[in-house]
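# Notes for the structure review
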Amino acid sequence: MIKFVNVNKRYGDYLALDNITEEVRAGEVVVVCGPSGSGKSTLIRTVNRLEPIQSGRIEVNGQDVQGDRINVNALRSGIGFVFQQFNLFPHLSACENIMLAPVRLRRKDRRQAREQAQALLERVDLAHKADAYPAQLSGGQQQRVAIARALAMEPPVMLFDEPTSALDPEMVGEVLQVMKELAREGMTMICVTHEMGFAREVADRVWFMADGSVLERAAPQQFFQAPEHPRARKFVADIRGA
């Protein structure tokens with residue numbers, strides 16, 4: 001579903017992604033972890049061209065996302081992206097935030113879009129907040145609306161960039177629960193997260209990144225019990241000691 005081939009990304013002289021070659025299969029959940037500044041967020045932001053790359057190739061569902069003829073808006077509308085900050089439109093209700101893209105980009109009938117938005121809000125356990133504005137919602141509720149908004153375009157792939165890091169601890173669980181449900185339903189997902197409990201429970205594979213490279217890729221049990229790379233061993237030891 002997602003393929004990185006010899007991907008390099010620079011910010012000036014700084015090499016943020018160093019020759020990344022990896023694949024994510026359809027229906028697979030990959031959790032990307034590693035220390036701050038390792039390139040995790042940069043990596044997933046290249047998938048929908050929020051970050052350009054200098055060399056290499058990235059494919060989503062067989063489509064070269066860096067191709068000259070690619071329609072970037074169409075590409076992004078087919079890839080769900082949930083950010084660290086919720087990025088909801090403050091002047092729109094929860095329901096209207098979810099309706100916006102299907103109506104504007106897909107020319108969906110407003111009545112149908114509202115029915116879909118209501119169904120998605122029910123899916124993230126927020127049907128009772130359809131008419132609430134972002135300022136009236138907790139951080140966890142806003143992030144669940146943001147997930148519902150991403151799902152409104154019916155994407156085959158969902159990308160999560162540290163979706164719980166801006167939340168108070170008591171709100172983290174409600175967002176992770178929605179992500180677990182998506183995983184159980186077979187959604188293809190790449191999740192950059194520090195929530196290692198989620199990685200243990202939900203991931204099919206864990207990618208460990210440092211210095212712009214994927215240094216280890218393993219099933220969660222293998223990664224947390226017996227990581228092979230010295231940097232990964234230190235990372236896991238630090239988690240256990242925290």
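Here, the structure is the one placed above.
Quick look at the structure, then. Please read all numbers here as calculations on a predicted model, not as lab measurements. (Residues numbered from 1 in each chain as written. Predicted model: local features only at pLDDT ≥ 70, side-chain atom pairs only at ≥ 80, totals over all residues. Heavy atoms only, no water.)

### Quick notes on the overall build of the protein
Summing up its helical and strand segments, the protein has nine helices and 10 strands in all. Relative to the 2.2 N^0.38 estimate, which gives 18 Å for 242 residues, the radius of gyration of the protein is 18 Å and therefore close to what a compact globule would have. Once the C-alpha set of the protein is aligned to its principal axes, its extents read approximately 55 × 45 × 30 Å. The buried share among the 242 residues of the protein stands at 52%. (Helix = DSSP H or I, 4+ residues; strand = E, 2+ residues; numbered from the N terminus. Rg over C-alpha atoms; globule rule 2.2 N^0.38 Å. Buried < 20%, exposed > 50% of the residue type's maximum accessible area, 1.4 Å probe, protein only.)

### Examining the pairing of strand E10 (residues 213-218)
The side chains of a regular strand alternate between both faces of the sheet. Judged from the five bridges that link them, strand E9 (residues 205-210) and E10 form a sheet pairing that is antiparallel. Following the sheet pairing, Met 209 is matched in E10 by Val 214. The hairpin formed by E9 and E10 contains two residues between the paired strands, and Asp 211 there has a positive phi angle of roughly 55°. (Pairing = 2+ DSSP bridges.)

### A look at the nonpolar core
Membership of the largest hydrophobic core comes to 55 residues, with the highest contact counts inside it found for Ile 147, Met 158, Phe 160, Met 179, Met 189 and Phe 223. Examining the composition of this core, we find that eight residues originate from one element, helix H6 (residues 169-184), more than from any other. Core analysis: the second largest hydrophobic core is formed by 26 residues, Val 24, Leu 43, Trp 207 and Met 209 among them. (Core = buried A, V, L, I, M, F, W, Y, C linked by side-chain atoms within 4.5 Å.)

### Some thoughts on the sheet that holds strand E5 (residues 63-64)
Here four strands make up an open sheet; going across it, the order is E2-E1-E4-E5 and the pairing antiparallel. Two strands close off the open sheet at either side, each with one partner strand: strand E2 (14-24) and E5. Its contacts with the sheet put helix H1 (residues 40-47) on strand E1 (2-11), E2 and strand E4 (55-60), and the angle it makes with E1 is roughly 120°. (Contact = heavy atoms within 4.5 Å. Axes fitted to C-alpha atoms, helices over the stretch in contact; angles between N-to-C directions.)

### Observations regarding the environment of Thr 164
Within the secondary structure, Thr 164 sits in the loop between strand E7 (157-161) and H6. The spacing of Thr 164 and Tyr 133 is 31 residues in sequence and 20 Å in space, taken between C-alpha atoms. Not counting chain neighbours up to four residues away, the residues in contact with Thr 164 comprise Val 172, Val 175, Leu 176, Thr 193 and Glu 195.

### So, helix H3 (residues 94-105)
Of all the residues in H3, the buried ones are Ala 94, Cys 95, Asn 97, Ile 98, Met 99, Pro 102 and Val 103. A positive phi of about 55° marks Arg 107, the residue just after H3.

### Section: the packing of aromatic side chains
The final tally for this structure, using the stated rule, is five aromatic pairs. Summarising the aromatic geometry, the rings of Phe 4 and Trp 207 are spaced 6.3 Å apart at their centres and angled 75° between planes, so their arrangement reads as edge-to-face. Of this pair, Phe 4 sits in strand E1 while Trp 207 sits in strand E9; the two residues are 203 residues apart in sequence, bridging distant segments of the chain. Taking relative accessible area as the criterion, Trp 207 reaches 0% and is therefore assigned buried. Ring-pair connections join several aromatic residues into one group, and the members of that group are Phe 208, Phe 223, Phe 224 and Phe 235. Over the face of the ring belonging to Phe 224 we find Arg 200, whose NZ or CZ atom lies 4.3 Å from the ring centre. (Phe/Tyr/Trp six-rings, centres within 6.5 Å; stacked < 30°, edge-to-face > 60°. Lys NZ or Arg CZ within 6 Å of the ring centre and 35° of its normal.)

### Some words on the state of the cysteines
On inspection of all chains with the given rule, the structure shows zero disulfides. Not part of a disulfide, Cys 191 finds its nearest cysteine sulfur in Cys 33, a span of 12 Å. With a relative accessible area of 0%, Cys 191 lands in the buried category. (Disulfide = S-S within 2.5 Å.)

### What to know about the pattern of salt bridges
Taken as a whole and assessed by the stated rule, the structure comprises 15 salt bridges. Close ionic contact of Lys 180 with Glu 201 constitutes a salt bridge, the shortest N to O distance being 3.1 Å. Of the two residues, Lys 180 is situated in helix H6 and Glu 201 in helix H7 (residues 196-202); the sequence distance between them amounts to 21 residues. We classify Glu 201 as exposed; its relative accessible area is 53%. Of the charged contacts, one joins Asp 238 and Lys 234 as a salt bridge, the two residues approaching to 2.9 Å between their closest N and O atoms. Of this pair, Asp 238 and Lys 234 are both found in helix H9 (residues 230-241), four residues apart, which corresponds to roughly one turn of the helix. Classification of Asp 238 by relative accessible area gives partly exposed; the value is 42%. One salt-bridge network, in which partners are shared between bridges, spans Lys 9, Arg 45 and Glu 51. (Salt bridge = Lys/Arg side-chain N within 4 Å of Asp/Glu carboxyl O.)

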